[in-house]
Amino acid sequence: MIGTHAMTQPVEHVADTFEVGPRFVRECVQHLGEPMLQARGLDVRAQEPLPPTFLGIDEFAVRKGHRYATLLCDLEQREVMEVCLGRKLEDVVGLLNRLAHPEHVTAVSMDMSASFAPAVRKSLPHAQIVIDHFHVMQHLMKAFRKVVSSWAHKKEGRILLHHKQQLFLRAKEDLSAGQEQERARIATHLPTLAQAWDLKEALRSWYAQATMETAEEQLNAWIIQVRETGPEPMRQALSIFVHWKAEILAFFRFLPTRISNGFVEGKNNRTKTMMRQAYGYRNFLNLRLRILLGGSL
């Protein structure tokens, strides 16, 4: 009972409730979790080899600005495979080297991390890196927001975009008929902004409609269009499409499976919520156990 309570509540709170010591509570958590981890081929001390699959990898802050950890997920089984302290190249390589059959891993989804990609290329040379499409769109949207904001501060756009910026920032299909009509009306007065919006929506359509056979040609055409007609912030954002082009296009190699880090991001958000509720964790093994068993209790 104590271990079950401690999986969702801070250790200190559970210790006070049951009038026991924090160390005893942590031992209860380990006693509860050990057979569950063993059933998944894992162990409490993070030493057993990990099974291969489609992988998703991401980082989160244990102590923001000071300590980070890496989350490795099974995208097929939709579960956390392992959590390790650190996000540097050697940390991630050590984590990936625990894979039981690395040659069987065919794809690893990630963001544009400076350490994840080199680690995957070193430990899993046969695996395809897939840059998460949500991160690609997020990168472009950051640039597009700058475009919208710049027009909202210009004389010709200040009145038109007052409380109306969201009409351009939201996806086209999320706009009602009336909202789309109003967006189109504003666009006739701000054709440069309208053009930038079309480029943003074109990339979204590309992800939704392209195939492995058509994706590269269509992406090349979009890049040329942005270079020739796009606003400066969006032209600057093209750097990732050049540097990570093969990894971005790899998304279409595995269709209809839409490999992404959505599940990993969800686990990251849940972990951050859990850490806020506990006011942080000093014991990483305790944090790791809670993350690994988060969906098992």
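Residues numbered from 1 in each chain as written. Predicted model: local features only at pLDDT ≥ 70, side-chain atom pairs only at ≥ 80, totals over all residues. Heavy atoms only, no water.

1. Remarks on helix 9 (residues 177–189)
With 13 residues, helix 9 extends 19 Å from end C-alpha to end C-alpha; this agrees with the ideal 18 Å at 1.5 Å per step. Along helix 9, the residues classified as buried are Glu180, Glu182, Arg183, Ile186 and Ala187. Viewed end-on, helix 9 has its buried residues packed into an arc of 160°, placing them on one side of the element. When the buried face of helix 9 is taken as reference, the exposed residues oriented beyond 90 degrees from it are Ala177, Gln181 and Thr188. Contacts from the buried residues of helix 9 go to helix 8 (166–169) and helix 10 (191–209). (Helix = DSSP H or I, 4+ residues; strand = E, 2+ residues; numbered from the N terminus. Expected span 1.5 Å × (residues − 1). Buried < 20%, exposed > 50% of the residue type's maximum accessible area, 1.4 Å probe, protein only. Arc of directions from axis to C-beta. Contact = heavy atoms within 4.5 Å.)

2. Remarks on the pairing of strand 4 (residues 107–110)
Residue alternation in strand 4 divides its side chains into two sets, Ala107 and Ser109 and Val108 and Met110, and both sets are buried. Note that strand 1 (residues 55–63) and strand 4 share two bridges and pair parallel. If you follow Leu55 over to strand 4, its bridge partner there is Val108. Two elements, strand 4 and strand 5 (residues 128–131), share four bridges in a ladder whose sense is parallel. Its bridge partner being in strand 5, Ser109 is matched across the sheet by Val130. (Pairing = 2+ DSSP bridges.)

3. A look at the sheet that holds strand 3 (residues 79–85)
Strands sit in the order 3-2-1-4-5 across an open sheet of five strands; the sheet is mixed. Across the chains shown, the open sheet's two edge strands, defined by having one partner strand only, are strand 3 and strand 5. Strand-to-strand, the axes of this sheet are offset by a mean angle of 30°, without reference to chain direction. Where strand 2 (residues 67–74) and strand 3 come together, six bridges link them in antiparallel fashion. Within strand 3, the position partnered with Cys73 by the bridge is Val80. Packed onto the sheet, helix 15 (residues 262–277) meets strand 1, strand 2 and strand 3 and runs at close to 20° relative to strand 1. (Axes fitted to C-alpha atoms, helices over the stretch in contact; angles between N-to-C directions.)

4. Concerning the side chain of Asp132
Note that Asp132 resides in the loop between strand 5 and helix 6 (133–152). Although Asp132 is buried, it makes no salt bridge; Arg258 carries the closest opposite charge, 9.0 Å away. Within the structure, Asp132 has its side chain in polar contact with the side chain of His135 (distance 2.8 Å). With near-sequence residues (within four places) excluded, Asp132 lies in contact with Ser109, Met110, Ser260, Asn261 and Gly262. (Lys, Arg positive; Asp, Glu negative; His and termini not counted. Salt bridge = Lys/Arg side-chain N within 4 Å of Asp/Glu carboxyl O. Polar contact = N/O pair within 3.5 Å; in protein donor to acceptor, adjacent residues only side chain to side chain.)

5. A few points about the packing of aromatic side chains
The tally for this structure, following the rule as stated, stands at seven aromatic pairs. For the ring pair Tyr207 and Phe252, a centre distance of 6.0 Å and an interplane angle of 15° mean the geometry is stacked. Within this pair, whereas Tyr207 is found in helix 10, its partner Phe252 is found in the loop between helix 14 (245–249) and helix 15, the two being separated by 45 residues in sequence. Across the pair, Phe252 and Tyr207 agree in class, each one buried. An aromatic cluster of at least three residues, connected via ring pairs, comprises Trp206, Tyr207, Phe251 and Phe252. Its end group placed over the ring of Tyr68, Arg87 keeps NZ or CZ at 3.6 Å from the ring centre. Of note, Lys154 hangs over the ring of Trp151, and the distance from its end group to the ring centre comes to 4.0 Å. (Phe/Tyr/Trp six-rings, centres within 6.5 Å; stacked < 30°, edge-to-face > 60°. Lys NZ or Arg CZ within 6 Å of the ring centre and 35° of its normal.)

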